[in-house]
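Observations on the three-dimensional arrangement
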Amino acid sequence: MAEFVEAAVGFPTVLFTSALVVVIGFWLLVLLGAADSDSFDADVDTDALSLGGVPVSVSVSLVIALAWFASFTGSVLLARTGVSSALLHLLGAALLVASLIFAWRMTRLLVRPLAKLFPDEPGPSRRDFVGLTCTIRTGRVDAAFGQAEVVARDGSTAVVQVRQDRPDTRDPLCNGSSALLYAYDDAGEFFWVAPYDTALDPRTAA
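What this report covers is the structure whose coordinates are included nearby. (Residues numbered from 1 in each chain as written. Predicted model: local features only at pLDDT ≥ 70, side-chain atom pairs only at ≥ 80, totals over all residues. Heavy atoms only, no water.)

1. As for a nonpolar patch on the surface
A cluster of nonpolar residues, V83, L87, L88, L90 and L91, forms a patch on the protein surface that exposes about 370 Å² of accessible area. Locating L87 in the fold gives a position in helix α4 (residues 85-114). Residue L87 is classed as partly exposed on the basis of its relative accessible area of 37%. (Patch = residues over 30% accessible without salt bridge, like charges linked within 9 Å, V, L, I, M, F, W, Y side chains within 5 Å. Areas by Shrake-Rupley, 256 points an atom, 1.4 Å probe, with all protein chains shown as cover. Salt bridge = Lys/Arg side-chain N within 4 Å of Asp/Glu carboxyl O. Helix = DSSP H or I, 4+ residues; strand = E, 2+ residues; numbered from the N terminus. Buried < 20%, exposed > 50% of the residue type's maximum accessible area, 1.4 Å probe, protein only.)

Now the structure itself:
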């Protein structure tokens with residue numbers, strides 16, 4: 001056990017050990033909701049190192065963890081060779097560089113499949129529905145009640161909450177009616193709608 005502790009706190013592994021403690025602390029904050037995994041994306045560009053496609057925190061964490069493992073393993077093996085202290089420090093400096101290169105190359109391989117879990121395009125937003133037509137799915141729509149089905153630009157469908165400020169009593173919106181989503185209310189999390197003639201919808205034009 002003493003051999004492994006000495007390797008973890010000795011040069012060069014101690015440099016990565018300190019960084020690894022910071023990484024573990026950061027991910028604990030992420031799990032607790034006190035930090036975001038993409039907190040550093042706007043400050044650091046990892047594309048130049050071919051580590052893009054995943055949040056900076058992920059790629060840096062992988063580099064540090066892999067470098068620590070390589071340095072720790074190498075330090076244990078060097079300590080068992082019985083070489084002189086001066087030569088051991090010289091080899092330790094070489095091990096530091098080798099560990100970083102190893103970690104960088106391995107991280108490059110790992111971020112490729114991981115990048116699929118972190119798409120570049122942001123997820124769909126409710127505001128993307130503003131300007132689209134919808135089909136009312138409730139018996140009435142007024143200032144306090146209503147639901148509608150809307151087809152997104154990518155072809156997916158969603159049921160959303162809708163409201164009408166001044167319903168037309170002569171031709172009210174009801175189940176099956178077409179309407180236009182013209183605004184979104186953030187506080188109430190619903191869309192304001194108005195009657196709409198489907199013949200005017202460019203998506204239905206021949």
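2. Some remarks on the pairing of strand β5 (residues 190-195)
Pairing of strand β3 (residues 157-163) with β5 involves two bridges; the strand directions are parallel. Within β5, the position partnered with R163 by the bridge is W192. As paired strands, strand β4 (residues 178-185) and β5 are joined by six bridges and run antiparallel to one another. In the strand pairing of β5, Y184 is matched with F191. Between the end of β4 and the start of β5, which pair antiparallel, lie four residues, with E189 showing a positive phi angle near 60°. (Pairing = 2+ DSSP bridges.)

3. Some thoughts on the pattern of salt bridges
Oppositely charged side chains can form a pair if their charged atoms are brought close together. Evaluation of the coordinates by the stated rule reveals three salt bridges. The closest approach of N and O atoms between R127 and D186, which form a salt bridge, is 2.3 Å. One end of the pair, R127, is in the loop between α4 and β1 (133-136); the other, D186, is in the loop between β4 and β5, and 59 residues separate them in sequence. For R127, a relative accessible area of 44% gives the class partly exposed.

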